[in-house]
Amino acid sequence: MKFLITGAAGFVGSNLADRLLSLGHDVVAYDNFSTGQQQFVAQALRSPRYRLVRADLLDRDALCQAMSGVEFVFHLAANADVRFGTQRRRRDLEQNTVATWNVLESMHECGVRRVAFSSTGSVYGEPHVFPTPENCPFPVQTSFYGASKLAAEGLIQAYCEGCGIQGYIFRFVSILGERYSHGHVFDFYKQLTQHPDTLHVLGNGKQRKSYLYVQDCIDAMLLAIEKADAKLNVFNLGTDEYCRVDDSIGWICEHLRLNPKLTYSGGERGWVGDSPFILLDCQSIRSLGWLPRLSIKTALTRTLEFLEINPWLQIRAADLPATAPSLEQDFPKSLV
């Protein structure tokens, strides 16, 4: 099968591309490299079944050309910076919602009928039901990121109803693993490598979060598109456990053998849109036979090991040298 992946040079997208190639599929990788990394696609570029398109999703002409011969779209590209959403409101609208419309309209024009979308548990805002199921009543949206993703979900639903498209919406918890380069685990690790004696934490450290290992996430998505055959399929993707931010700090410090002084900004939320408790009900995807293989702590440890052997990731993409070090020990062989 021929797949198009948007955000293919990013964390989840590049891992997905490598997995699809290993299964014998063809991949068209689409990325504007605003946050994607050239090093993440180095392995895939060696395959004759992989084609990289450097373009933005707001460029409809480039997107339509990339769709040629494609049978399935994984739409993973997004602005995922929840923390600064109130300062960059237009970015969420353009890169998450408008970009999704462009993907769907290009699919419609090119006759591509199947799409999978990386949504987020943030669309539930601050729910009152835990674990939170897919049919939970939606409360007031608390972040521009979540609102933009929910709007994108609505567009996908409308195209499924009106244009004969089959959709798969995956509401992720936070993802950890190889090629992870954004989020609080990365921020804590970076702080501690720069000044190992102190660590500043946004919020009170008691926020309860759920995480999922990237290869477990990919397993779930591929299983769903194989077995679920409704017009519209919506799945939460996460684990049945959660940890407090302070727990994750303890695991990071234990791994690094550090005992820093902790300071807190205070409050239940680290920023506007930071949900104090995230735990998704994943019975729908489990009913297809999926189970995550790694615990949150093990996934976090894998992430730290990857960051340790790839220190260049701490440098902003814009400052990377033309030939950054190649990735080492990229995939655990037992999970590919």
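Note that this is a predicted model, so its numbers are computed, not measured.

Details of the overall build of the chain
Argument step 1. In terms of helices and strands, the chain carries nine helices and 13 strands.
Argument step 2. For the chain, whose C-alpha radius of gyration is 19 Å, the value lies close to the compact-globule estimate of 20 Å for 336 residues.
Argument step 3. Dimensions of the chain along its principal axes, counting C-alpha atoms only, are 55 × 50 × 40 Å.
Argument step 4. Out of the 336 residues belonging to the chain, those deemed buried represent 54%.
Argument step 5. For the chain, contacts bridging at least 24 residues in sequence account for 81% of all contacts bridging at least 6.
Argument step 6. As displayed, the chain has an accessible area near 14,600 Å², and 50% of this comes from carbon and sulfur atoms.
Argument step 7. Here the chain holds 33 positive side-chain charges and 36 negative ones, and the gap between their average locations is 1 Å.

What about empty space enclosed by the protein?
Argument step 1. Taken as a whole, this structure holds two cavities of 30 Å³ or more when the rule is applied.
Argument step 2. By volume, the largest cavity amounts to about 50 Å³.
Argument step 3. Tallied by class, residues from the lining of the largest cavity come to six nonpolar, four polar and no charged.
Argument step 4. Estimates place the volume of the second largest cavity at around 30 Å³.
Argument step 5. What lines the second largest cavity is simply Ser122, Gly125, Thr142, Ser143, Gly273 and Ser275.

Some thoughts on the packing of aromatic side chains
Argument step 1. Under the definition given, this model contains ten aromatic pairs.
Argument step 2. Ring plane angle 40° and centroid distance 5.1 Å describe the contact between Phe72 and Phe74, whose orientation is recorded as tilted.
Argument step 3. The positively charged end of Arg54 is found above the aromatic ring belonging to Phe33, 4.2 Å away from the centroid.
Argument step 4. For the cation-ring pair, Arg208 lies above Phe277, with the distance from its terminal atom to the ring centre recorded as 3.8 Å.

Side note on the confidence of the model for the chain
Argument step 1. For the chain, per-residue confidence averages 91 on the pLDDT scale, and 91% of positions sit at 70 or higher.
Argument step 2. When the criterion is pLDDT under 50, residues 317-336 qualifies, and its contacts beyond four places in sequence or with other chains add up to 38 contacts.

Quick notes on the sheet that holds strand β11 (residues 232-237)
Backbone hydrogen bonds are what pair the strands of a sheet, in a parallel or an antiparallel way.
Argument step 1. Reading across from one edge, β3-β2-β1-β4-β5-β6-β11 is the order of the seven strands in this open sheet, with parallel pairing throughout. Edge strands, defined here as strands with exactly one partner in the open sheet, are β3 (50-54) and β11. When strand polarity is set aside, the average angle formed by the axes of neighbouring strands in this sheet is 15°.
Argument step 2. Pairing geometry for strand β1 (residues 2-6) and strand β4 (residues 72-75), over four bridges, is parallel. Across the sheet, residue Ile5 finds its bridge partner in β4, namely Phe74.
Argument step 3. Relative to strand β6 (residues 166-172), helix α6 (residues 214-227) is tilted by about 155°, and along the sheet it contacts β1, β4, β5 (114-120), β6 and β11.

Quick look at the nonpolar core
Argument step 1. In terms of nonpolar packing, the biggest core is built from 73 residues, with Ile5, Phe74, Phe170, Met221, Leu237 and Ile285 touching the most fellow members.
Argument step 2. At nine residues, α6 tops the list of elements feeding residues into this core.
Argument step 3. Phe170 has contacts with Ala116, Phe117, Ser118, Ser119, Thr120, Met221, Ala224, Ile225, Phe235 and Leu237, leaving out every residue within four places of it along the chain.

Some thoughts on the pairing of β6
Argument step 1. The buried count for β6 comes to seven of seven residues, which makes it a mostly enclosed element.
Argument step 2. In terms of strand pairing, β5 meets β6 through seven bridges, oriented parallel. Across the sheet, residue Arg114 finds its bridge partner in β6, namely Gln166.
Argument step 3. Note that the unit made of β5, helix α4 (residues 144-162) and β6 has a crossover that is right-handed.
Argument step 4. Here six bridges tie β6 to β11, and the two strands are oriented parallel to one another.

Notes on the pattern of salt bridges
Argument step 1. A full pass over the atoms with the stated rule returns 13 salt bridges.
Argument step 2. The residue Arg293 makes a salt bridge to Asp219 at a minimum N-O spacing of 2.4 Å. Taken together, the positions of Arg293 in the loop between α8 (283-286) and α9 (296-309) and Asp219 in helix α6 put the pair 74 residues apart, joining distant regions of the chain.
Argument step 3. Taking the relative accessible area as the measure of exposure, Arg293 reaches 45% and is therefore partly exposed.
Argument step 4. Judged by relative accessible area, which is 18%, Asp219 ranks as buried.

About the thresholds
Residues numbered from 1 in each chain as written. Predicted model: local features only at pLDDT ≥ 70, side-chain atom pairs only at ≥ 80, totals over all residues. Heavy atoms only, no water. Helix = DSSP H or I, 4+ residues; strand = E, 2+ residues; numbered from the N terminus. Rg over C-alpha atoms; globule rule 2.2 N^0.38 Å. Buried < 20%, exposed > 50% of the residue type's maximum accessible area, 1.4 Å probe, protein only. Contact = heavy atoms within 4.5 Å. Areas by Shrake-Rupley, 256 points an atom, 1.4 Å probe, with all protein chains shown as cover. Lys, Arg positive; Asp, Glu negative; His and termini not counted. Charge placed at Lys NZ, Arg CZ, Asp CG, Glu CD. 1 Å grid on protein atoms, 1.4 Å probe; cavity = no way out; pocket = protein on both sides within 12 Å on 5 of 7 lines; lining within 4 Å. Points joined across faces, edges and corners; volume = space filled by probe spheres on them. Nonpolar A, V, L, I, M, F, W, Y, C, P; charged D, E, K, R; others polar. Phe/Tyr/Trp six-rings, centres within 6.5 Å; stacked < 30°, edge-to-face > 60°. Lys NZ or Arg CZ within 6 Å of the ring centre and 35° of its normal. pLDDT = per-residue confidence, 0-100. Pairing = 2+ DSSP bridges. Axes fitted to C-alpha atoms, helices over the stretch in contact; angles between N-to-C directions. Core = buried A, V, L, I, M, F, W, Y, C linked by side-chain atoms within 4.5 Å. Right-handed = clockwise from strand over helix to strand, strands pointing away. Salt bridge = Lys/Arg side-chain N within 4 Å of Asp/Glu carboxyl O.

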